[in-house]
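Remarks on the overall topology
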Amino acid sequence: MVDEKFSRLEDVRRLPQILNSKRARQAFLKHDTAAAKKILEAEDITPDSLKNVTYEMLANELSKRMFDITHVEVLKLKTDAEYEEKLNALRKVVETVQSIVLDEIDGN
């Protein structure tokens, strides 16, 4: 395969979509089509599409992802300015769950 950028030959058909997305294009150039397709899938998720997802499902998915987080990604959260938005989102979730849900349940 060309420079091992295409994880599957059929991914050639997705190349126009990948190249039209700045983040997907960067993932493709840095990694491969598999990484770019993950970006495209994430871009399809909108706040409206998540409205009907239960908070249990969201919490379970977030927990699963946190258990699967790599040491390299944790270091990036700590040191890489490009990860600041992700880190702030995680902090906000922790703070919200603690202050609104757990403190109320525990009577604090």
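Residues numbered from 1 in each chain as written. Predicted model: local features only at pLDDT ≥ 70, side-chain atom pairs only at ≥ 80, totals over all residues. Heavy atoms only, no water.

**A look at the overall build of the chain**
Scanning the chain from N- to C-terminus turns up seven helices and zero strands. Computed over C-alpha atoms, the radius of gyration of the chain comes to 18 Å, more than 25% over the 13 Å expected from 2.2 N^0.38 for 108 residues, which places it beyond the range of a compact globule. Counting only C-alpha atoms, the chain reaches 60 × 35 × 20 Å along its principal axes. Residues classed as buried in the chain amount to 15% of the 108 residues present. Expressed as a percentage of contacts within the chain between residues at least 6 apart in sequence, the contacts between residues at least 24 apart total 30%. Of the roughly 9,200 Å² that the chain leaves accessible, carbon and sulfur atoms contribute 56%. The positive charge centre, built from 18 side chains, and the negative charge centre, built from 21, are 6 Å apart in the chain. (Helix = DSSP H or I, 4+ residues; strand = E, 2+ residues; numbered from the N terminus. Rg over C-alpha atoms; globule rule 2.2 N^0.38 Å. Buried < 20%, exposed > 50% of the residue type's maximum accessible area, 1.4 Å probe, protein only. Contact = heavy atoms within 4.5 Å. Areas by Shrake-Rupley, 256 points an atom, 1.4 Å probe, with all protein chains shown as cover. Lys, Arg positive; Asp, Glu negative; His and termini not counted. Charge placed at Lys NZ, Arg CZ, Asp CG, Glu CD.)

**Section: the nonpolar core**
Phe6, Ile18, Ala24, Ala27, Phe28, Ala36, Ile39 and Leu40 together form the largest nonpolar core, which totals eight residues. Listed by contribution, the elements that provide at least two residues to this core are α2 (22-30) and α3 (33-43). Excluding its chain neighbours within four sequence positions, the residues that come into contact with isoleucine 18 are Ala24, Arg25, Phe28, Thr33, Ala36 and Leu40. (Core = buried A, V, L, I, M, F, W, Y, C linked by side-chain atoms within 4.5 Å.)

**What to know about the confidence of the model for the chain**
Predicted confidence across the chain gives a mean pLDDT of 88, with 96% of residues reaching 70 or more. Ranking the helices and strands of the chain by mean pLDDT puts helix α6 (residues 71-79) first, with 94, and helix α4 (residues 47-50) last, with 84. (pLDDT = per-residue confidence, 0-100.)

**A word on the packing of α2 against α3**
How two helices sit against one another is set out by the angle between their axes and by the gap between those axes. Closest axis-to-axis distance for the α2/α3 pair is 7 Å, and the angle between their directions is 165 degrees. Compared by their axis directions, α2 and α3 come out roughly antiparallel. By crossing handedness, the relation of α2 to α3 is classed as right-handed. Residues Arg23, Ala24, Ala27 and Phe28 of α2 form the contact with α3, whose own contacting residues are Thr33, Ala35, Ala36, Ile39, Leu40 and Glu43. Here the contact of α2 with α3 is composed, by residue class, of seven nonpolar, one polar and two charged. (Axes fitted to C-alpha atoms, helices over the stretch in contact; angles between N-to-C directions. Parallel < 35°, antiparallel > 145°, perpendicular 65-115°, else oblique. Left-handed = near helix turned anticlockwise from the far one by under 90°. Nonpolar A, V, L, I, M, F, W, Y, C, P; charged D, E, K, R; others polar.)

**Points about the environment of leucine 29**
Of note, leucine 29 is situated in helix α2. According to the relative accessible area criterion, leucine 29 is exposed, its value standing at 56%. Separated by ten residues in the primary sequence, leucine 29 and leucine 19 have C-alpha atoms spaced 9.7 Å apart.

**Focus: the side chain of serine 21**
Secondary-structure assignment places serine 21 in the loop between α1 (15-20) and α2. Overall, serine 21 belongs to the buried group, its relative accessible area being 8%. Within the structure, the side chain of serine 21 is placed 3.2 Å from the backbone nitrogen of alanine 24, a separation counted as a polar contact. With residues up to four places along the chain from it excluded, the contact list for serine 21 reads Ile39, Leu40 and Glu43. (Polar contact = N/O pair within 3.5 Å; in protein donor to acceptor, adjacent residues only side chain to side chain.)

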